[in-house]
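Tertiary structure, described
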Amino acid sequence: MIPYSAGAAGSPRNAARAEAGAGRAQAVRKWLAPRRNAPLEALIMFRIEESFDAQVLAAQRERPAVVFTEPLDPRVLEAVCYLTRFIKPVLLAGEAEVRALAARALGHLEPSRVEYSLSECAFVDIPARGDLVEEFAVNCLTHPGCRSDVRTLDEARKAVSTPGLFGVYAVHLGHADMVVGGASHGPKHFFRPMLSLLANRPVVCEVGIFVLPDDFPEGHYPHNIVVFGDVGVNAVMTPEVLAEVAVGTCAAARDLIPMDVLPEIHGAIVSYSHRGSDEGPSPDMVRQALALVPGVLAKRVQSGPRYASIRITGEVKFSAAISRRSAELYGTNGLAGGTNVIISPNLETGNLLYHLYAARFPTAKKFPVLFGVAFRGVDLPLDCSPEDVRLAVKATVLRLQLDGRWGRTPRDTFFRRYRVLVLNPGSTSTKVAVYEGDQEAFAREVQHANDELAPFAGRRITEQYQFRRQAVLATLGEFGLQPSDLDAVCGRGGLLRPLSHGTYRVSPAILDDLRAGVGGDHASNLGALIAHELAAPAGIPAFIVDPVVVDEAPSRVKITGFTEIRRRVISHALNQVASARRYAQERETFYENVNAIVCHLGGGISVGAHCRGRYVDANNGLDGEGPFTPERSGSLPVGQLTDLCFSGRYTHAEVRKKIKGAGGLTDLLGTADLREVERRIAEGDAWAAEVFDALAYQVAKSITALWPAFEGQPVDRVILTGGMARSASLVARVEHYLAGAPCGVTVYPGENEMAALAKGALRVLYGKEPAREYVVEETAPR
């Protein structure tokens with residue numbers, strides 16, 4: 001017998017998938033790189049959970065809804081507290097029950113992690129969901145094989161009211177994407193019904209994956225990774241089933257282990273006969289299965305070129321498959337001795353190997369995955385640990401994301417997809433987007449021609465709101481929508497009075513202040529006006545989120561050495577707060593639990609201190625305070641500026657223009673384009689390099705100047721965001737100057753304003769925070 005390998009795929013679609021796969025592999029190289037040049041023996045325990053995290057986040061556009069049928073098992077609930085970045089958990093229990101269990105059993109976890117995770121969950125009290133029970137029961141009667149004891153509708157209602165079957169049906173009928181169970185449910189009450197309803201292939205198999213501890217003897221499994229199959233499904237084995245199990249087990253391993261770690265998947269079908277050394281029904285079945293493997297594998301390669309790296313051999317003894325010494329003594333050539341996938345010819349052996357290794361190596365990373373249910377089910381062992389649950393769910397989510405066919409949960413039963421219209425007016429354009437949940441359904445930047453704007457020349461910009469309202473309505477119409485199809489409208493906040501961060505319901509007080517221009521005339525003032533005009537007739541709420549005048553700074557920030565001058569806090573508050581929130585969410589906690597310094601690097605630069613949910617200090621980015629920027633001067637030596645102002649060389653308007661609009665890179669280098677500056681540096685322009693370095697230095701200096709704002713509390717992170725954060729060279733230089741800071745740097749390139757507006761509205765719609773009310777008396781200038 002010789003090992004079988006797959007041929008090349010070759011289709012454009014598969015080539016595209018290969019390119020996408022290469023991008024995902026790059027996402028895991030960062031943590032692998034420090035050990036890249038180490039000898040093979042040193043690369044022992046593969047950090048599989050870190051790899052899963054990196055790959056899922058690189059591929060993820062949306063989080064799947066995952067039903068947990070056993071949330072009152074402390075192991076399962078603990079695992080859920082580490083999964084909300086990757087999934088939307090649906091817990092089949094009442095919220096009070098779950099919180100009571102968390103209080104009793106999860107005291108060893110950080111309380112903020114538990115609270116945050118539970119805030120991300122949907123709680124389903126099955127008796128209270130008679131609508132779903134009825135739907136599931138009616139459908140259950142069409143699948144008698146799922147529960148053979150169901151004969152009547154009443155019996156079906158009783159059956160589907162059990163958490164195991166309720167969860168399976170929720171996935172089967174499109175209310176969720178994945179179901180997790182088995183930790184306390186026996187196979188008859190979860191596993192077998194799940195296979196009956198969710199299998200999408202004639203042959204399903206369960207794969208057990210281990211990353212063995214560092215003290216496992218060397219010379220057996222590359223990187224201490226070993227995969228077993230079938231470990232839980234096929235009690236009756238035939239050559240056809242065994243060939244499918246062999247390919248399916250290797251395919252699951254290929255999905256989960258990056259090629260950087262295992263360039264090839266080496267599978268071996270083990271037997272008591274070694275390459276024809278004995279006879280019997282089992283060796284004969286293995287030989288027949290091996291003859292079928294090439295055809296099965298070729299079909300698998302057609303679904304993805306990564307499977308071309310699979311090699312499968314067979315009829316080898318277990319010892320020869322895993323031990324180079326045994327392989328040499330048995331005279332084995334080919335793949336034996338370097339095997340990482342063990343395929344058992346019967347269920348008893350596969351199941352035994354999984355549980356034997358689990359018991360013998362309790363510190364191993366281990367978990368099962370199912371092949372053949374379209375990534376819709378996770379079967380947990382009764383003796384699973386919280387880590388096993390985490391790994392099994394993450395592995396299945398990763399395979400779902402890599403497959404590429406899943407886009408979103410078919411029905412929004414447990415996590416409603418509110419439809420929010422988002423508006424961001426600019427001086428000559430209006431950005432329009434509709435979000436369904438937190439996913440963008442469409443976006444359009446409506447350009448307003450000069451002749452359209454000409455009638456408004458010399459008038460307040462707020463007088464354009466009816467004209468722009470019609471442009472927004474026309475855009476909605478192009479996508480078959482009207483305001484009555486929406487759940488809310490959210491506009492960019494304008495120049496109001498200073499206020500606290502948050503989502504504000506558009507009120508008469510907001511509209512009056514924007515029309516009056518209490519903070520000045522700016523295109524963003526149109527956001528709330530248009531939102532109100534569209535929302536009010538439809539009977540839906542209108543919001544604004546974190547306008548530029550967000551000011552939660554104490555008096556000490558604003559006092560200057562002049563009685564007549566107090567510092568104003570005007571910044572990129574929308575992106576500032578959104579970036580700090582994003583950082584908190586990625587750590588599975590709340591904005592109120594982190595300390596962060598956010599630096600928005602755009603046409604203007606604002607550097608802000610976010611202390612436990614309060615935006616306590618920021619430079620006035622609107623007037624050019626802080627570092628110099630592509631178009632703004634930044635803070636200047638006041639004595640020299642005073643002399644310049646009274647030199648007679650410039651008018652008041654010209655000085656203001658140099659401070660904002662014609663300063664910074666524009667004045668120093670004649671361009672506001674950082675890419676052009678980098679091009680000049682690459683061509684040897686020493687002055688451009690000096691200016692670039694000064695920019696990075698002043699940004700870092702402004703960041704470190706905010707440490708006192710935290711009054712001795714540790715800063716968790718420095719966050720760089722905005723358009724210039726796309727410059728790897730600028731980020732690297734800023735990081736160089738911050739190398740001595742006691743925290744790291746995270747980069748979120750771009751402004752992400754539309755998403756930030758949508759998320760602000762959604763937090764209110766989902767009940768995660770109340771809408772704030774704008775009260776003039778409480779928002780008077782401080």
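For the structure itself, consult the block above.
Residues numbered from 1 in each chain as written. Predicted model: local features only at pLDDT ≥ 70, side-chain atom pairs only at ≥ 80, totals over all residues. Heavy atoms only, no water.

1. A closer look at the overall build of the protein chain
Looking only at helices and strands, the protein chain features 29 helices and 23 strands. Its C-alpha radius of gyration of 31 Å places the protein chain within 12% of the 28 Å reference for a compact globule of 782 residues. Projected onto its principal axes, the C-alpha positions of the protein chain cover 105 × 70 × 55 Å. Looking at the protein chain as a whole, 55% of its 782 residues qualify as buried. By sequence separation, contacts in the protein chain at least 24 residues apart represent 73% of the contacts at least 6 residues apart. As presented, the protein chain carries roughly 32500 Å² of accessible surface, and 53% of it is formed by carbon and sulfur atoms. (Helix = DSSP H or I, 4+ residues; strand = E, 2+ residues; numbered from the N terminus. Rg over C-alpha atoms; globule rule 2.2 N^0.38 Å. Buried < 20%, exposed > 50% of the residue type's maximum accessible area, 1.4 Å probe, protein only. Contact = heavy atoms within 4.5 Å. Areas by Shrake-Rupley, 256 points an atom, 1.4 Å probe, with all protein chains shown as cover.)

2. Side note on unusual backbone geometry
Cis peptide bonds are those with omega within 30 degrees of zero, and the linkage from G229 to D230 qualifies with -10 degrees. Its location among the elements puts D230 in the loop between β7 (225–229) and α11 (239–256). Backbone geometry places R612, a non-glycine residue, at a positive phi of 50 degrees.

3. A word on the nonpolar core
Within the largest apolar cluster, 82 residues are counted, with the highest numbers of intra-cluster contacts made by I48, F68, L256, F367 and L380. The element best represented in this core is α11, accounting for eleven residues. Here L256 is in contact with F52, Q55, I209, F367, V369, A395, L398 and R399, once residues within four sequence places are set aside. Grouped together as the second largest cluster of nonpolar side chains are 54 residues, L421, I461, L499 and L534 included. (Core = buried A, V, L, I, M, F, W, Y, C linked by side-chain atoms within 4.5 Å.)

4. What about the pattern of salt bridges?
Counted by the stated rule, this structure contains 49 salt bridges. Between E135 and R411 there is a salt bridge whose closest N-O contact spans 2.8 Å. Of this pair, E135 sits in helix α7 (residues 130–140) while R411 sits in the loop between α16 (386–403) and β13 (419–425), and the two are 276 residues apart along the sequence. Of the residues examined, E135 reaches a relative accessible area of 25% and is grouped as partly exposed. Accessibility expressed as a relative area gives 35% for R411, which makes it partly exposed. When salt bridges that share partners are traced, they join E49, D53, R390 and K394 into one network. (Salt bridge = Lys/Arg side-chain N within 4 Å of Asp/Glu carboxyl O.)

5. Some thoughts on the sheet that holds strand β16 (residues 488–492)
Within the open sheet, the six strands sit side by side as β15-β14-β13-β16-β18-β17. Their pairing is mixed. Each of the sheet's edge strands pairs with one partner strand only, and the pair in question is β15 (439–447) and β17 (503–505). Taken pair by pair, the neighbouring strands of this sheet meet at an average axis angle of 25 degrees, ignoring direction. Pairing geometry for β13 and β16, over four bridges, is parallel. The residue bridging L423 from the neighbouring strand is G491, located in β16. (Pairing = 2+ DSSP bridges. Axes fitted to C-alpha atoms, helices over the stretch in contact; angles between N-to-C directions.)

6. Points about the pairing of β15
Inspection of the sheet shows strand β14 (residues 429–436) paired to β15 by eight bridges, in the antiparallel sense. Note that in β15 the partner of T430 across the bridge is V446. Adjacent in sequence and paired antiparallel, β14 and β15 are bridged by two residues, among which G437 carries a positive phi angle near 65 degrees.

7. What to know about the packing of aromatic side chains
Each aromatic ring pair is characterised by the separation of its centres together with the angle its planes make. In total, this model carries 16 aromatic pairs according to the counting rule given. Relative to F361, the ring of Y357 lies with its centre 5.7 Å away and its plane at 55 degrees, an arrangement referred to as tilted. Ring centres 3.6 Å apart and planes at 5 degrees place the aromatic pair F442 and F479 in the stacked group. Placement of F442 in strand β15 and of F479 in the loop between α18 (465–478) and β16 is noted, with a sequence separation of 37 residues between them. Among the aromatic residues, those joined into a ring-pair cluster are F210, F216, Y221, F228, Y354, Y357 and F361. Directly above the ring of Y307 sits R300, whose terminal nitrogen or CZ lies 5.3 Å from the centroid. Its guanidinium or amino end placed over the ring of Y82, R390 lies 5.3 Å from that ring's centre, counting from NZ or CZ. (Phe/Tyr/Trp six-rings, centres within 6.5 Å; stacked < 30°, edge-to-face > 60°. Lys NZ or Arg CZ within 6 Å of the ring centre and 35° of its normal.)

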